[in-house]
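The residues making up each chain are set out below.
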Amino acid sequence: MLAATFADFMQQVVSGLASGGIYAALALALVIIHRSTGVINFSQGEMATLCTYIAWTLTVNHGWSYWPAFVATLGFSFVFGVATHRVVIRPVERGNVLRVVIVTIGLLIAINGFVVWQWSGEPQALQSPFGTDTIDIGGVVISWQDVGTILVTLGIVVLLWLLFQFTKLGLALRAAAVNPEEARLVGVRVTWMLALGWGLAAVLGAVAGMLTAPSVGLDPQMMQPILIYAFAAAVLGGIDSPFGAVVGGLTLGVMLNVIGVYVDFVGAELKLPVALLVILVVLLVRPSGIFGRPEVKRV
Amino acid sequence: MSPRVKQIVGLVSFAIFAVVVLVVPAFIGAFRAQQLAYVGIYLIALLGLNILTGYTGQISLGHGAFMAIGGYTTAILMAGNEQYGQEGVLAVSGGMKDVWTIPIAGLVAGIAGLLFGLPALRLSGLYLALATFAIAVALPSALKRFEEFTGGGSGINLFGIPELTAGISPVEIFGRELVFNDWLYYLCWSIALVLFGVAWLILRGRTGLAFRAVRDSETAAVSSGVSLAQYKTLAFGISAAYAGVAGSLFAIATTFVNPDTFPIALSIFLLVGVVVGGLGGLAGLVFGAIFIQFLPLWAQGEGVFSRLPGFIVDRTKEPGAPAIIYGVVLILLMFFLPNGVGGLFRRVGQALTRWRYSRTA
């Protein structure tokens, strides 16, 4: 009996880690943009949805198999992210940050409209690259979809970490985000670095979208709840901490699953409010998130 | 312009505006009057949000939640909730007339705002934005969950009690009969104008100065003896009370409330309205309110947009197209009106002043 319940619990944890991985990827995208541009990109989820539709078109209408379509979509999303920054974000970057926030809300609405206009609001199915099989580890049944999701998100996160930490480009990207004026003085092309950041964020979003679509179905509203979770995960971890975003995303994924199943009062309906409440409590104790550093202002 | 002249110009334009508001229903149909009543409701909510976001610098992405508190207060006071099985102290038998619930709704929402303002003191910037956002996201599901109190997913219907809603039968005021939509229009706009004046009075005095000090530099404000805790909480309370009044009027106007009456999109559009109207100014907010009410309709090829060439209007009938137009217009507005419509006013005013005083006689 006890062993069975433990296996149930582990199952919830593993599938929580899989959805947590998706939240983490999107949260990381939000963090990258927040570090460089200082705003939350509300259109991050819709950008991801658009990219996922591109992947869907490639596989269904053009007969590509999943992985080539995956890579091609990552390429598209990168260009799309860079272009978004150059065309609509750069002109409003100076002045009140709320302006940029409103522009990203405008993007959210426009991209969502475009997706409906181009592909209609009908839900579509994106095939899963991992099949529908499950494996059994000591009584814990895990689907390959979950395993694949965890591995791909972790892989992308590690690749990004290597890029940021060990390459000259990564150093320039960090410099442009931390101190644009001085970075410019030592020859970093700051505006291009910021655009690259938007590109990388779009890539992360596309990964999240393409991993989400097989399990929940592809429709224009697919990423909206996930964006809320990602926002919560990013703030939980500390909005300026990439490591915090990943930990925050995984924690949130597991927490949501476990709370939804084991706390009767909560059930499926109050999952989101309770998760947000927990985050509020965490924030009240640590106002800058778990891994965030309190901001020190010079007067 | 000297402050004195500025004040006179402000008062005169406010008086002209009030007169225009008063006579407009004579020239428009009942449907348009109802639409304009919603503009008045949004104006009230925007006035409140602007006190918090524009003047005190605290971003709220959850003002729809305070509107919901106001709306539900009105609905429960009018229709009661005993029929849903609520017992104990929270049981309300209802029967209150709609207009008397408005101040109570403002009060309840204001208290909620004060209570929320206390923990929010620890948060700033984006973290506060998330906290308020969380409230707005969580509220619909909470309303569904506590159905004994709120009527659950189907909400509370006010349409079935005409003796309280004033609306279904014509209303007599000062010997004149008003149809529901005109009555609604005058109700919303008279409250909006009074609250506009109240906001102006609050913001021009010591309190407004303290709010702006908090916005511009918390450290400098504290050093000058402004209590951050006191003024931030106060801003939250006032702002929520405004939203509560707006929500109450919203419930009266739609004659029902349910959890989807106040969606998260409403909170986001309120923030959009404040920025479009111009942060830290009052007059521009009227345009923010018009924007919230009418842009979705225009984007569907109605109103002023129907004058565009036929092939464009036809395009707007395609699914998704109104959203594209809405989003693009929003982005373009931020490009060309960085400080909103209020900022445009200020620029024009400055240009006029410069022209007036630099002319050689």
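Look above for the structure.
Residues numbered from 1 in each chain as written. Chains lettered and ligands numbered in written order. Predicted model: local features only at pLDDT ≥ 70, side-chain atom pairs only at ≥ 80, totals over all residues.

Asks: I keep staring at the overall build of chain B and nothing clicks. Help me out?
Replies: Secondary structure summary: chain B contains 16 helices and four strands in total. By the compact-globule yardstick of 21 Å for 361 residues, chain B fits well, its C-alpha radius of gyration being 21 Å. Referenced to the eigenvectors of the C-alpha coordinate spread, the extents of chain B come out at roughly 75 × 60 × 50 Å. Out of the 361 residues belonging to chain B, those deemed buried represent 49%. (Helix = DSSP H or I, 4+ residues; strand = E, 2+ residues; numbered from the N terminus. Rg over C-alpha atoms; globule rule 2.2 N^0.38 Å. Buried ≥ 20, exposed ≤ 12 C-beta atoms within 10 Å, placed from the backbone.)

Asks: What exactly am I supposed to notice about the overall build of chain A here?
Replies: In terms of helices and strands, chain A carries 11 helices and two strands. Listing the helices and strands of chain A from first to last along the sequence gives α-α-α-α-β-β-α-α-α-α-α-α-α. Relative to the globule expectation of 19 Å for 299 residues, the C-alpha radius of gyration of chain A, 19 Å, shows essentially globular dimensions. Buried residues in chain A amount to 48% of all 299 residues. Considering only residue pairs separated by 6 or more positions, chain A has 73% of its internal contacts joining residues 24 or more positions apart. (Contact = placed C-beta atoms within 7 Å.)

Asks: Looking at this structure, I do not really get the pairing of strand β1 (residues 134-137) of chain A. What am I missing?
Replies: Two faces make up the sheet, and in a regular strand the side chains alternate between them. All names here are of chain A. The pairing of β1 with strand β2 (residues 140-143) spans four bridges and is antiparallel. Its bridge partner being in β2, I137 is matched across the sheet by V140. Count of turn residues in the β1/β2 antiparallel hairpin: two residues, of which G138 carries a positive phi of about 55°. (Pairing = 2+ DSSP bridges.)

Asks: Even after reading the chapter, I still don't get helix α1 (residues 3-23) of chain B, so can you show me in this structure?
Replies: Along an α-helix, residues three or four apart share an orientation, since each turn contains 3.6 residues. Here α1 of chain B spans 30 Å end to end across 21 residues, near enough to the 30 Å set by a 1.5 Å rise per residue. Burial analysis of α1 of chain B places just zero of its 21 residues in the buried class, a small minority of the element. (Expected span 1.5 Å × (residues − 1).)

Asks: Which parts of the structure should I look at to understand the nonpolar core?
Replies: In summary, soluble globular proteins display a tendency toward joint burial of nonpolar side chains. Counting 216 residues, the largest nonpolar core has L26 and A232 of chain A as the members making the most contacts within it. When sequence neighbours within four positions are dropped, the list of residues in contact with A232 of chain A reads L252, A275, L276 and I279 of chain A together with L130 of chain B. (Core = buried A, V, L, I, M, F, W, Y, C linked by C-beta atoms within 7 Å.)

Asks: Sorry if this is basic, but what is going on with the packing of helix α12 (residues 264-277) of chain B against helix α13 (residues 285-299) of chain B here?
Replies: Angle between the axes and distance between the axes: these two values describe a pair of packed helices. All names here are of chain B. Relative to each other, α12 and α13 sit at 140°, their axes nearing to 7 Å. As far as their axial angle goes, α13 and α12 are oblique. The two elements α12 and α13 meet at a crossing, and its hand is right-handed. Across the interface between the two elements, F269, G273, V274, V276 and G277 from α12 touch L285, F287, G288, A289, F291 and I292 from α13. (Axes fitted to C-alpha atoms, helices over the stretch in contact; angles between N-to-C directions. Parallel < 35°, antiparallel > 145°, perpendicular 65-115°, else oblique. Left-handed = near helix turned anticlockwise from the far one by under 90°.)

Asks: What should I look at first to understand unusual backbone geometry in this one?
Replies: For residues that are not glycine, phi is negative in most cases, and the peptide bond is trans in most cases. A positive phi angle, close to 65°, is found at S120 of chain A, a residue other than glycine. Topologically, S120 of chain A is positioned in the loop between α4 (97-119) and β1. Of note in the backbone geometry, T255 of chain B takes a positive phi value of approximately 55° without being a glycine. Of note, T255 of chain B is situated in the loop between α11 (228-254) and β4 (256-257). Residue T255 of chain B is classed as buried on the basis of its C-beta count, with 20 C-beta atoms lying within 10 Å.

Asks: Would you explain the environment of Q12 of chain A in this entry?
Replies: All names here are of chain A. As for its position among the elements, Q12 is in helix α1 (residues 2-37). Put simply, Q12 and R94 are 82 residues apart on the chain and 45 Å apart in space, counted from C-alpha to C-alpha. With sequence-adjacent residues up to four places away left out, Q12 is seen in contact with N257, V258 and V261.

Asks: In this structure, what is going on with the packing of helix α2 (residues 44-60) of chain A against helix α9 (residues 223-237) of chain A? I would like to understand it.
Replies: All names here are of chain A. Across the interface, α2 lies against α9 with an axial gap of 8 Å and an inter-helix angle of 135°. One element, α2, and the other, α9, form an angle in the oblique class. The hand of the α2/α9 crossing is right-handed. In this structure, α2 uses Q44, G45, E46, A48 and T49 to contact α9, whose residues at the interface are M223, Q224, I226 and L227. Here the residues of the contact of α2 with α9 sort into four nonpolar, four polar and one charged. (Nonpolar A, V, L, I, M, F, W, Y, C, P; charged D, E, K, R; others polar.)

Asks: How do you make sense of helix α5 (residues 144-166) of chain A when you look at a structure like this?
Replies: Taking 1.5 Å of rise per residue, 23 residues should cover 33 Å, and α5 of chain A covers 32 Å from first to last C-alpha, within 8% of that figure. By the burial criterion, the buried members of α5 of chain A are Q145, D146, T149, I150, V152, T153, I156 and V157 of chain A.

Asks: When you look at the environment of G253 of chain A in this model, what are you seeing that I'm missing?
Replies: Residues and elements named next belong to chain A. Relative to the elements of secondary structure, G253 occurs in helix α10 (residues 242-262). Residue G253 is classed as buried on the basis of its 25 C-beta neighbours within 10 Å. C-alpha of G253 to C-alpha of L126: the two residues are 127 residues apart in sequence and 22 Å apart in space.

Asks: Looking at this model, I keep getting lost on the environment of L52 of chain B. Mind explaining?
Replies: All names here are of chain B. Here L52 shows up in helix α2 (residues 30-55). Classification of L52 as buried rests on a count of 28 C-beta atoms within 10 Å. Sequence-wise, L52 and A210 are 158 residues apart; in three dimensions their C-alpha atoms are separated by 12 Å. Aside from chain neighbours lying at most four places away, what touches L52 is Q58, S60, A235, F236 and S239.

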